[in-house]
Amino acid sequence: MKIIRFTAEWCQPCKSLAKMLTEIQSPVPVEVVDVDDNPGLAEKYQIRSVPTMLMISSGNEVDRLVGSHSKEKIQTWLKIPK
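Residues numbered from 1 in each chain as written. Predicted model: local features only at pLDDT ≥ 70, side-chain atom pairs only at ≥ 80, totals over all residues. Heavy atoms only, no water.

Participant: Teacher, can you tell me more about the overall build of the chain here?
Facilitator: Helix and strand counts for the chain stand at three helices and four strands. Overall, the chain shows an N-to-C arrangement of helices and strands of β-α-β-α-β-β-α. Relative to the globule expectation of 12 Å for 82 residues, the C-alpha radius of gyration of the chain, 12 Å, shows essentially globular dimensions. Here the chain holds 82 residues, and 38% of them are scored as buried. Considering only contacts in the chain between residues 6 or more positions apart, those separated by 24 or more positions represent 62%. For the chain, the computed accessible surface area is about 5,000 Å², with 50% contributed by carbon and sulfur atoms. The centroid of the 11 positive side-chain charges in the chain is displaced by 7 Å from the centroid of its 10 negative side-chain charges. (Helix = DSSP H or I, 4+ residues; strand = E, 2+ residues; numbered from the N terminus. Rg over C-alpha atoms; globule rule 2.2 N^0.38 Å. Buried < 20%, exposed > 50% of the residue type's maximum accessible area, 1.4 Å probe, protein only. Contact = heavy atoms within 4.5 Å. Areas by Shrake-Rupley, 256 points an atom, 1.4 Å probe, with all protein chains shown as cover. Lys, Arg positive; Asp, Glu negative; His and termini not counted. Charge placed at Lys NZ, Arg CZ, Asp CG, Glu CD.)

In structure tokens, the structure reads:
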């Protein structure tokens, strides 16, 4: 299981999410992908807006979280106890 966090240098909500994820300390690895540097991967996963986080298991998308969310919502999505 891993998380792919799609981001962009110019995206302010992406920067807020990155900071929040350092505070949360995800129990699964988080791979960061800049959509401007990796348009092929963004296209493969049909990323239409950033920030977008995908939960990947055995190479397949299990879940998706799009946009800005509260710390509590992200913790719940990652299944981290508060």
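After that view, the rundown keeps rolling.
Participant: Mind showing me how you'd approach the sheet that holds strand 2 (residues 30-34) here?
Facilitator: Each strand in a sheet pairs with another by means of backbone hydrogen bonds, the pair being arranged parallel or else antiparallel. Pairing within the open sheet is mixed, and its four strands lie in the order 2-1-3-4. The open sheet has two edge strands with one neighbour each: strand 2 and strand 4 (60-66). For this sheet the average axis-to-axis angle between neighbouring strands, irrespective of direction, equals 25 degrees. Pairing geometry for strand 3 (residues 52-57) and strand 4, over six bridges, is antiparallel. Residue pairing in the sheet places M53 in a bridge with L65 of strand 4. Contacts between helix 1 (residues 12-24) and the sheet are confined to strand 1 (2-7), strand 2 and strand 3, with strand 1 contributing the most and set at about 150 degrees to the helix. In the packing of helix 3 (residues 71-78) onto the sheet, contacts are made with strand 1, strand 3 and strand 4, and the angle to strand 4 comes to roughly 170 degrees. (Pairing = 2+ DSSP bridges. Axes fitted to C-alpha atoms, helices over the stretch in contact; angles between N-to-C directions.)

Participant: Looking at this model, I keep getting lost on the state of the cysteines. Mind explaining?
Facilitator: By the definition in use, this model includes one disulfide. Residue C11 pairs covalently with C14 via a disulfide, S to S 2.3 Å. Disulfide C11-C14: torsion about the S-S bond near 80 degrees, hence right-handed. Given a relative accessible area of 3%, C11 falls into the buried group. For C14, a relative accessible area of 1% corresponds to the buried category. (Disulfide = S-S within 2.5 Å.)

Function-wise, these values are silent; they only describe arrangement.
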